[in-house]
Structure formats: structure tokens, C-alpha cells
Amino acid sequence: MTATVSRMQPEQQARRADTFRALHSPGHPLIMPNPWDAGSARLLASLGFAALATTSGGFAATLGRRDGNVTRDEALEHAARLAAAVDVPVSADLENGFGRSPAEVALTAAGAREAGLAGFSVEDATGNRERPIHDIGHAVERVAAAAEQAHATGLPRLVLTARAENHLHGRDDLADTIARLRAFEAAGADVVFAPGLTAARDIAAVVDAVGVPVSVLLLAGGPSVAELAALGVSRVSTGSALAWAGYGAVVAAAQELRDAGTTSWLAGAATGAKAARGALTDQPG
């Protein structure tokens, strides 16, 4: 963590974490968008969202990299900047914990606390194409190590989200996913998450199988927020989709500028500029 990011006081962090935890209500899901920098975080907070989360893919793109190519220190400093930029709870996508061993995951979890986060997620993906998912026993040990740090006695109790990544890696084994999520719950996860699920029956099966809040990634072709609420989901996030929507708007505007030389894209720019004026600040930090 660099000196340019102010450290959050424990009392403030505890309030944000408690608020974040309370926002998870089955059937009344928290809609939690994923900003990719401090400006987009302030913009989304100004639009009334009650909590935000980082996006690993969106942040990597700001560095000119693909998802999965940032370091622990980069991710934690980025998360700290977002947490300092807004007055709402911020959770961080901390990918696979930036290490294989439980000890490395615990180090990342300790960094999440230092960053002033209200919560963070850890996934069971390995980063290895040949064996993309950790064995369940090892995955559970990693979640337990993260939970020990997140729930340390006498410190703000952070909200730990444990992710089962099967369905993002071509392993459409719902029974294994549910077994993992139940084991993660038993290991101390506060929220469980299986990104990639789009069938309502599968999401309902996950909700029915666990006793902690369930988060769902909003995907094209999947249920709407209202439909997810009816399934008992507690949280809905967008992953990197808002970042890619922004890139899509830039591509469309730039192609019009390059190919036609016309300016219909300036209408969208005016909307963005107006929103930015209301959300951004003149103060450094």
C-alpha cells in the first residue's frame, strides 16, 4: 500500500462492513455494480448504489492488460483507492487470492483489511489451464484461511465471499459446485457465489442448498434482477460488464469519428460529462 492512499479508521471500516453484511437479504438482492477506477466508483455511488465491488478484468484493462495479470499489491492498492473514493462499502475481487497456499490467501486477506475494504472474494480457480480448479479439500483450506483473517477477533469483521468457478471453466457440474459452496459455508464464508450460472433452476438449487446469502453474476440470457429476487438471491453483481460497456461506447464513437466524421456520439459524451460533473470532486485523494 502506498502512502498516497489514506488508511481507513477501524471504526469506519467496521461500520461499512456491518452495513455491507446487512444489505444481503434473500429475495431483496443488493445490486452491486463493479467500477474499474475511482471516477467510475464515484459515478456509480452518485447514482444511488448502496455498495460497490472492484472488477479484476476492468481494472486490468486500465493497465493495458488482460484479466488475471495484476499483482496482489496492484489489486490491493486499487481496492484501497476505490474504498477511499466513496462513502459506501466496497468489496474487492481478489481473484484466486494471489497464491496457491492457504498462507498466501491469508496474506491477501490481511491486505484486504489494510485496504479499508468491507469485504472481498476468493475463488477456487488455479490459473492453470490444465487443472483450472483446486481440489475441493485444498479449496476449503484456502477459504478457511481467508475466513480466519476476515473474522479476526477484535477487528472489523469483513464479509468473505467464496467463489466456485466451475462454470467459468467449462465444468458444468452443478452437484460439485453445490458441494463446494456448502463446504465453503462450513469453512466460514459469509456469502457464496458460483459465477456462470444462468439457468433459474440451477440458481434456485444453489439458494436452497446453502444457509448463507447467494450472489449471482448478471449475464445475458440469464434471469433478470426481478427473477433472481424471486429465486431468493441476495446479491447481484455485474463483473467486468460495465467496463466493457464503456469500451463498447468508445469503439462505436471512435468508429463513427473515423469512418463518417459525424458527431452523433457527442450526445452520449454530453450525458457522461454531466454525470461526471455531479459525481467527481475537486479534492485530491
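Summary of the structure given here. Residue positions are given per chain, counted from 1 along the sequence in the order it is written. Local features in this predicted model are restricted to residues of pLDDT 70 or higher, and side-chain atom pairs are both shown and tallied only at a pLDDT of 80 or more, whereas totals for entire chains, interfaces and linings draw on every residue. By convention in this description, side-chain values take in all heavy atoms of the structure and omit both hydrogens and water.

Let's shift gears to the overall build of the protein chain. Helix and strand counts for the protein chain come out as 11 helices and 8 strands. Using C-alpha atoms as the atom set, the radius of gyration is obtained and then compared with a globule rule of 2.2 Å times the number of residues to the power 0.38. Computed over C-alpha atoms, the radius of gyration of the protein chain comes to 19 Å, within 12% of the 19 Å expected from 2.2 N^0.38 for 285 residues, which places it in the range of a compact globule. Expressed as lengths along the three principal axes of its C-alpha atoms, the size of the protein chain is roughly 60 × 40 × 35 Å. For each residue, the accessible area found with a 1.4 Å probe, counting protein chains only, is set against the maximum for its type, and the residue is called buried under 20%, exposed over 50%, and partly exposed in between. Looking at the 285 residues of the protein chain, the share that counts as buried comes to 47%. Contact criterion: two residues are considered in contact whenever any of their non-hydrogen atoms come within 4.5 Å of each other. Put simply, 66% of the contacts in the protein chain that link residues at least 6 apart link residues at least 24 apart. For the purposes of this entry, the term helix denotes a DSSP run of H or I that reaches at least four residues, the term strand denotes a run of E that reaches at least two, and both are numbered from the N terminus.

Moving on, we come to the pattern of salt bridges. The salt bridge criterion pairs a side-chain nitrogen of Lys or Arg with a carboxyl oxygen of Asp or Glu, the two atoms within 4 Å. Counted under the stated rule, the structure contains 11 salt bridges. Two residues, Asp-18 and Arg-21, come together in a salt bridge whose shortest N-O distance is 3.5 Å. Linking Asp-18 with Arg-21, this pair stays in helix α1 (residues 10–22), spanning 3 residues, or about one helical turn. Among the ionic pairs, Asp-93 bridges to Arg-163, the shortest N-O distance being 3.9 Å. A residue pair is termed long-range when its members are at least 10 positions apart, and Asp-93 in strand β3 (residues 90–93) and Arg-163 in strand β5 (residues 159–163) qualify at 70 residues. A relative accessible area of 11% places Arg-163 in the buried class. Several salt bridges converge on common partners, so that one network encompasses Asp-93, Glu-123, Arg-163 and Glu-165.

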